[in-house]
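# Understanding the architecture of this molecule
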Amino acid sequence: MAVLVTGGAGFIGSHMVAELIENKMDPVVLDNLSTGNKKAVTGGRLYLGDIRNPGDLDKVFSENDIESVVHFAASSIVPESMADPAKYYDNNINGTLCLLKAMERHKVGRLVFSSTAAVYGETERIPITEDCPANPKSPYGETKLAMERMIEWFSRAGTLKYVSLRYFNACGAHPSGEIGEWRPFETHLIPIILQYLLGMRDRLYVYGTDYDTKDGTCIRDYIHVSDLVRAHTAALKYLEGGNKPEIFNLGMGRGFSVLEIIKAAGEATGMPVRYETAKRRTGDPAVLIASNEKAAKILGWKTDINDPVKIISDAWNFYIRNPKGYN
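So, how was this worked out
Residues numbered from 1 in each chain as written. Predicted model: local features only at pLDDT ≥ 70, side-chain atom pairs only at ≥ 80, totals over all residues. Heavy atoms only, no water. Salt bridge = Lys/Arg side-chain N within 4 Å of Asp/Glu carboxyl O. Helix = DSSP H or I, 4+ residues; strand = E, 2+ residues; numbered from the N terminus. Expected span 1.5 Å × (residues − 1). Buried < 20%, exposed > 50% of the residue type's maximum accessible area, 1.4 Å probe, protein only. Contact = heavy atoms within 4.5 Å. Polar contact = N/O pair within 3.5 Å; in protein donor to acceptor, adjacent residues only side chain to side chain. Pairing = 2+ DSSP bridges. Phe/Tyr/Trp six-rings, centres within 6.5 Å; stacked < 30°, edge-to-face > 60°. Lys NZ or Arg CZ within 6 Å of the ring centre and 35° of its normal. Core = buried A, V, L, I, M, F, W, Y, C linked by side-chain atoms within 4.5 Å. Axes fitted to C-alpha atoms, helices over the stretch in contact; angles between N-to-C directions. Parallel < 35°, antiparallel > 145°, perpendicular 65-115°, else oblique. Left-handed = near helix turned anticlockwise from the far one by under 90°. Nonpolar A, V, L, I, M, F, W, Y, C, P; charged D, E, K, R; others polar.

## What about the pattern of salt bridges?
Evaluation of the coordinates by the stated rule reveals 21 salt bridges. Residue Glu276 is joined to Arg203 by a salt bridge in which the shortest nitrogen-to-oxygen separation is 3.1 Å. With Glu276 in strand E13 (residues 276–278) and Arg203 in the loop between helix H6 (189–197) and strand E8 (205–207), this residue pair connects regions lying 73 residues apart in the sequence. A single network of salt bridges, built from pairs that share partners, joins Asp50, Arg52 and Asp90.

Next up, the structure:
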């Protein structure tokens, strides 16, 4: 029996494929390579296609004995979603609808969904628990929340069982250095720092030093991608056990400021990290930290990598091996 990984050539999806292989499971990947790269797929069977195309989906389901789906395929850049919401509603919501219809046609009833902490928006409660109100502040977060709710309604109407996993700041890279996070237009802090250190950026900016935090900069919850994909494996086993649908936060449960991450990057790379300060960006909350107690209690999952220096060291290992990405 196989596991379909949509978006399996992307950052987290490719690590999921490696995780499935390491656990003697059989991954099948469907990716249109709009942001992924086939070189990131380290095993299994790769189909080039789009989840919005019913023919592509039917081909994958017909040619493989799929028992579960792990759904990563989505657009995921917040600033881009603000500038081009139509892309996000089409790719994320329409794509998920096509996938759910295909799962119904082919009688596949287990789904692990890649969601995001962006569904919460800004919250007053820290750490953030799964019952905090969802109030997304971008089309990206809005579409991910709509995808969650669509999946829930399909579940209520039929036999679908699902787990939605709300990520906080995914980062790091596979310990081998073979796969990692690479985007031509990066928006995440750790890759931006590493690109700066490699001379790919002229300047490194810290946006806002006047937040009500210990050093005045934003605090975020960073989770190593290896810990993240282990949670997906735990979710698959949870569904195989016939358990009810659930939503889980995935984070370290601990926050680090922008300046703490910059300091850790210096320790991880052995290089000085010089930065400039700039005004706050609109919509950046001061603190976002996950409560991961529910995932620990129900899935039996916890993070193994809790040191930002280790997280950045793994990402740096990938970057120095692949300074121009997979190309």
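Following the structure, the description resumes.
## Thoughts on helix H10 (residues 308–321)
Look at H10: 20 Å from first C-alpha to last across 14 residues, which is about the 20 Å you get at 1.5 Å a residue. Here H10 has its buried residues at Pro308, Ile311, Ile312, Asp314, Ala315, Trp316, Phe318 and Tyr319. If you follow the buried residues of H10, they end up packed against strand E7 (169–171), H6, strand E10 (222–224), strand E12 (256–257), helix H8 (258–269) and strand E15 (323–326). Two or three places before Val309, at the opening of H10, Asp307 has a side-chain oxygen 3.0 Å from that residue's backbone nitrogen.

## A closer look at the sheet that holds strand E14 (residues 287–288)
Within the open sheet, the 3 strands sit side by side as E12-E9-E14. Their pairing is mixed. A strand with exactly one partner marks an edge of an open sheet, and here the two such strands are E12 and E14.

## Some thoughts on the packing of aromatic side chains
What the rule picks out here adds up to 5 aromatic pairs. Geometrically, the ring pair formed by Tyr205 and Tyr207 is tilted, given 6.0 Å between the ring centres and 40° between the ring planes. Tyr207 gets classed as partly exposed once you look at its relative accessible area, which sits at 34%. By the ring-pair criterion, three or more aromatic residues cluster together here, those being Trp182, Phe318, Tyr319 and Tyr326. When the ring centre of Tyr211 is taken as reference, the NZ or CZ atom of Arg280 above it lies at 3.9 Å. Against the face of Phe248 rests Lys294, its NZ or CZ located 5.5 Å from the ring centre.

## Details of the nonpolar core
If you look at the biggest cluster of nonpolar residues, it comprises 35 residues, and the most contacted ones within it are Ile190, Ile193, Leu194, Ile261 and Ile312. Elements represented by at least two residues in this core include exactly H6, H8 and H10. Of the residues forming this core, the biggest block, 7 residues, is contributed by H6. Discounting chain neighbours no more than four positions away, the residues touching Ile312 are Ile190, Leu194, Ile261, Ala264, Ala265 and Ala268.

## Description of the packing of helix H4 (residues 85–105) against helix H5 (residues 139–157)
At a minimum axis separation of 9 Å, H4 and H5 run at an interaxial angle of 15°. The angle between H4 and H5 falls in the class roughly parallel. Between H4 and H5 lies a crossing of right-handed hand. Every residue of H5 that contacts H4 at Pro85, Tyr88, Tyr89, Asn92, Ile93, Thr96, Leu97, Leu100, Lys101 and Glu104 is listed here: Pro139, Tyr140, Glu142, Thr143, Ala146, Met147, Met150, Ile151 and Phe154. Residues of the contact of H4 with H5, tallied by class, amount to 13 nonpolar, 3 polar and 3 charged.

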